[in-house]
Amino acid sequence: MKALKDMDLYKGIILVSVLLLPAIGWWAWSLDKQIEATKAAITEATRPGGLLEQIGALQQKAEIVVANRTLTGDATSMPSVYFDSQIRAVAPGKISGDDFTIGPPTPSGARIGRQQLTDHDVKVTWGKSGRDKPVSMEFLFAMLFNCESGARTGITDASKIQSIWKLRSLSIQNAAFAQVGSAKRTPKEAQTEDQWLITDLVFARREPKKEGKGE
């Protein structure tokens, strides 16, 4: 106790520092361990296939699901609107509503094994009379791709979009052959241009039959 009475400020600071040294040493050791664990976590997260890459992949999948839900919802509930926009997108400003007619979806029953299905067919009649709007083969391929893939403006990777409608039937006729055929003339090679009449075009989608219907 006498030592405490004789202790001045400097001796008190030294005594407190000595007593706190173990606690400070443990605190420094704990911080060092936390820093090492943080560095290890950063290294693990940023490596190829690490946590950050996995989070990014999951986020991308979630965005694709949301995009698919919007696209497929339109394509299923409003097929006329869907096909109209997909066909017009092939040649904006050059295709009008007078160039084709989209019929209502026609349901029919189907079966694969024990699974009962419902097919929905949509017929696209090309031209005002069905035969007066020739198209190029390039346009035809682009139109089929748009309608089958669900590709939309601003979406660069169409393979990530769920496909709803598939081509069921297609019939085309070369416009030059159609003209000479109606006139009963022999066609010449120079007349076979890249102009085609779409005489039959049907898209279809298939879905499981809802329970309680058609049983």
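Criteria and thresholds
Each chain has its residues counted from 1, running along the sequence as written. With the structure being a predicted model, the display of local features is reserved for residues of pLDDT at least 70 and the display and counting of side-chain atom pairs for 80 or more, all residues being used for whole-chain, interface and lining totals. Side-chain figures throughout are based on the complete set of non-hydrogen atoms in the structure, without hydrogens or water. In this description, strands pair whenever DSSP reports at least two bridges between them. A run of DSSP states H or I qualifies as a helix once it reaches four residues; a run of E qualifies as a strand once it reaches two. Both are numbered from the N-terminal end. We define a salt bridge as a side-chain nitrogen of Lys or Arg found within 4 Å of a carboxyl oxygen belonging to Asp or Glu. The buried label applies to any residue whose accessible area, calculated with a 1.4 Å probe on protein chains only, is under 20% of its type's maximum; exposed applies above 50%, and partly exposed to all values in between. Within 6.5 Å between ring centres, the rings of Phe, Tyr and Trp (the latter by its six-membered ring) count as paired, and their orientation is classed by plane angle as stacked under 30 degrees, edge-to-face over 60, tilted in between. Remark: nonpolar core denotes a set of buried residues (Ala, Val, Leu, Ile, Met, Phe, Trp, Tyr, Cys) joined through side-chain atoms within 4.5 Å.

Draft legend 1. Structural detail: the pairing of strand β5 (residues 196-208). Relative to β5, strand β3 (residues 115-126) runs antiparallel, the two sharing 7 bridges. Pairing of K123 across the sheet is with V202, part of β5. In this structure, strand β4 (residues 166-174) lies alongside β5, joined through 8 bridges in antiparallel fashion. Opposite K166, over in β5, you have A204 as the bridge partner.

Draft legend 2. Focus on the pattern of salt bridges. Going through the model one piece at a time under the given rule, you end up with 7 salt bridges. One salt bridge in this structure joins R206 and D119, with 2.7 Å as the shortest N-O distance. Here R206 is found in strand β5, whereas its partner D119 is found in strand β3, with 87 residues between them in sequence. Here E207 makes a salt bridge to R205, at a shortest N to O gap of 3.2 Å. Look at R205 and you get buried, because its relative accessible area is 11%. The structure contains a network of salt bridges with shared partners spanning D119, D121, R168 and R206.

Draft legend 3. Local environment of the packing of aromatic side chains. Counting across every chain of the model gives 5 aromatic pairs. Here the aromatic rings of W126 and F139 are separated by 5.9 Å at their centres, their planes lie at 55°, and the arrangement is tilted. In this pair, W126 sits in strand β3 while F139 sits in helix α5 (residues 137-149), placing the two residues 13 residues apart along the sequence. A single burial state applies to W126 and to F139, both of which are buried.

Draft legend 4. Summary view of the nonpolar core. Formed by 20 residues in total, the largest nonpolar core has its most connected members in F83, I87, W126, M143 and F203. Only α4 (79-88), β1 (100-102), β3, α5 and β5 provide two or more residues apiece to this core. Of the residues forming this core, the biggest block, 5 residues, is contributed by α5.

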